[in-house]
Amino acid sequence: MLPREEDMLIAERLASPHRVVGREVVCLTQVDSTNEECRRRAAGERQNGLAVCADGQTRGRGRRGRDFQSLPGRGLYLSVLLRPNAPLSEVSAITAWTAVAVCRGLERAAGVRADIKWPNDILLEGKKLCGILTELGVGENGTLDYVIIGIGVNVRQSEAEFGPELAPIATSLAQHGVTLGRGALAQALLEELDALYRDFPRESAAYLAEYRRRCVTLGREVTVLRGSAATRATALDIDGGFGLVIGLPDGTRQTVTSGEVSVRGLLGYG
Ligand code: BTN
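Residues numbered from 1 in each chain as written. Predicted model: local features only at pLDDT ≥ 70, side-chain atom pairs only at ≥ 80, totals over all residues. Heavy atoms only, no water.

J.: In this structure, what is going on with the sheet that holds strand S11 (residues 253-256)? I would like to understand it.
T.: Strand pairing in a sheet is mediated by backbone hydrogen bonds. Such pairs are either parallel or antiparallel. Taken together, the 5 strands give an open sheet; going across it, the order is S11-S10-S9-S8-S12, and neighbouring strands pair in antiparallel fashion. The outermost strands of the open sheet, each flanked by one partner alone, are S11 and strand S12 (260-263). The average angle at which neighbouring strand axes cross in this sheet is 45 degrees, direction not considered. Sheet topology note: the strand S9 (residues 229-238)/strand S10 (residues 244-247) ladder contains 4 bridges and is antiparallel. When the bridges of S10 are listed, alanine 235 appears paired with isoleucine 246. (Pairing = 2+ DSSP bridges. Helix = DSSP H or I, 4+ residues; strand = E, 2+ residues; numbered from the N terminus. Axes fitted to C-alpha atoms, helices over the stretch in contact; angles between N-to-C directions.)

Shown next, in the form of structure tokens:
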């Protein structure tokens, strides 16, 4: 059993004046969505680096309009608000950079080897450990106002708590014998996100190389869903903009920048 303190999310302990990301931290017992709370606060105070975390979310959001299971006290639900000094066209890469930063934080704090399933699912031994949802705020003149990066890590869920739909494809740190508290994990993630913020977009080559190294999609058979069309292909490479380069059966190549990609042998796709 964890000492309760290590697991607690305490704003004064997580905040640091030496970082941009997490200079100010808000910890809530329950919220609809930490991304939504960041957005509400962006409108008011316009802070750069504000971090919001919660014990549980009542309307945790996932990508593509899905819900994200957010049981109280079981996961780490963390969002940060950033105002990177980069044009809108470059900011789409920040989600991929975040995947790398989260893997680094998980490895450092939890001692686990984390992989990336393109574009931004974090896997532990082939099952989903963490999801990332990035949302942009665009000003009236069409320029970037802010980016909200939301990270949900499964920390203590049991198989039964995931339920029959998620249990075959999701995992938690506890299921791998890791008893790391959410406070310690949040601390490591804020540090890595701060490093990311300082590096972005200058250090692109280093993040790209690490992304490629960690990406378990590469070399596998994939099915790409775009609307109602399903394309079978082989995942060949990640291009400079973090798009997925696929090889089609007729020998041609395409780059996929969005859409659903199932990877044979991962997350329940046989
Ligand atoms: C996905 O895998 O589809 C993305 C899941 C992102 C979940 C996190 S939890 C913290 C933040 N708040 C939300 O409502 N969503 C993100």
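After that view, the rundown keeps rolling.
J.: Sorry, what's going on with the packing of aromatic side chains here?
T.: Note on aromatic pairs: each is described by the distance of the centres and the angle between the planes. Summed over all chains, the structure comprises 3 aromatic pairs. Ring centres 4.9 Å apart and planes at 75 degrees place the aromatic pair tryptophan 97 and phenylalanine 200 in the edge-to-face group. Linking tryptophan 97 in helix H5 (residues 94-110) with phenylalanine 200 in the loop between helix H7 (182-199) and helix H8 (204-214), this pair joins segments that are 103 residues apart in sequence. For tryptophan 97, a relative accessible area of 1% gives the class buried. Between the aromatic rings of tyrosine 211 and phenylalanine 242, the centroid separation amounts to 5.3 Å while the plane-to-plane angle is 75 degrees, which identifies the pairing as edge-to-face. With a gap of 31 residues between them, tyrosine 211 in helix H8 and phenylalanine 242 in the loop between S9 and S10 connect regions that are remote in the sequence. An aromatic cluster is built from Trp97, Phe200 and Tyr207, whose rings are joined through pairwise contacts. Here arginine 104 stacks its cationic end above the ring of tyrosine 207, 4.6 Å away from the centre of that ring. (Phe/Tyr/Trp six-rings, centres within 6.5 Å; stacked < 30°, edge-to-face > 60°. Buried < 20%, exposed > 50% of the residue type's maximum accessible area, 1.4 Å probe, protein only. Lys NZ or Arg CZ within 6 Å of the ring centre and 35° of its normal.)

J.: Honestly, the pairing of S10 in this entry has me stumped. Any pointers?
T.: The side chains of a regular strand alternate between both faces of the sheet. Side chains Leu244 and Ile246 of S10 all project onto a buried face; the interleaved residues Val245 and Gly247 project onto the opposite face, where all are buried too. Sheet analysis places S10 next to S11, joined by 4 bridges and oriented antiparallel. Bridge pairing in S11 places isoleucine 246 opposite glutamine 254. Connecting the antiparallel pair S10 and S11 is a turn made up of 5 residues, with glycine 251 showing a positive phi of about 90 degrees.

J.: Mind showing me how you'd approach the sheet that holds strand S1 (residues 25-31) here?
T.: Read from one edge to the other, the open sheet built from 7 strands follows the order S1-S2-S3-S7-S6-S5-S4, with strand pairing classed as mixed. Single-partner strands in this sheet number two, and they are S1 and strand S4 (115-117). On average, each strand axis in the sheet is inclined to that of its neighbour by 25 degrees, with strand direction left out of account. As judged from the 8 bridges shared by strand S3 (residues 75-82) and strand S7 (residues 144-154), these two strands associate in the antiparallel manner. Its bridge partner being in S7, glycine 75 is matched across the sheet by asparagine 154. Set on the sheet, H5 makes contact with S3, S4, strand S5 (121-124), strand S6 (127-138) and S7; between it and S6 the angle comes to about 140 degrees. (Contact = heavy atoms within 4.5 Å.)

J.: Help me understand the packing of H5 against H8, please; the structure alone is not making it clear to me.
T.: Describing two packed helices takes the angle between their axes plus the distance from one axis to the other. Look at H5 against H8: their axes get within 9 Å of each other, and the N-to-C directions meet at 70 degrees. Accordingly, the angle class assigned to the pair H5 and H8 is roughly perpendicular. Remark: the crossing between H5 and H8 carries left-handed chirality. Across from Ala96, Trp97, Ala99, Val100, Cys103, Arg104 and Glu107 in H5, the residues of H8 making contact are Ser204, Tyr207, Glu210, Tyr211 and Arg214. Of the residues in the contact of H5 with H8, the class split is 7 nonpolar, 1 polar and 4 charged. (Parallel < 35°, antiparallel > 145°, perpendicular 65-115°, else oblique. Left-handed = near helix turned anticlockwise from the far one by under 90°. Nonpolar A, V, L, I, M, F, W, Y, C, P; charged D, E, K, R; others polar.)

Bear in mind that shape data such as this cannot, by itself, settle questions of function.
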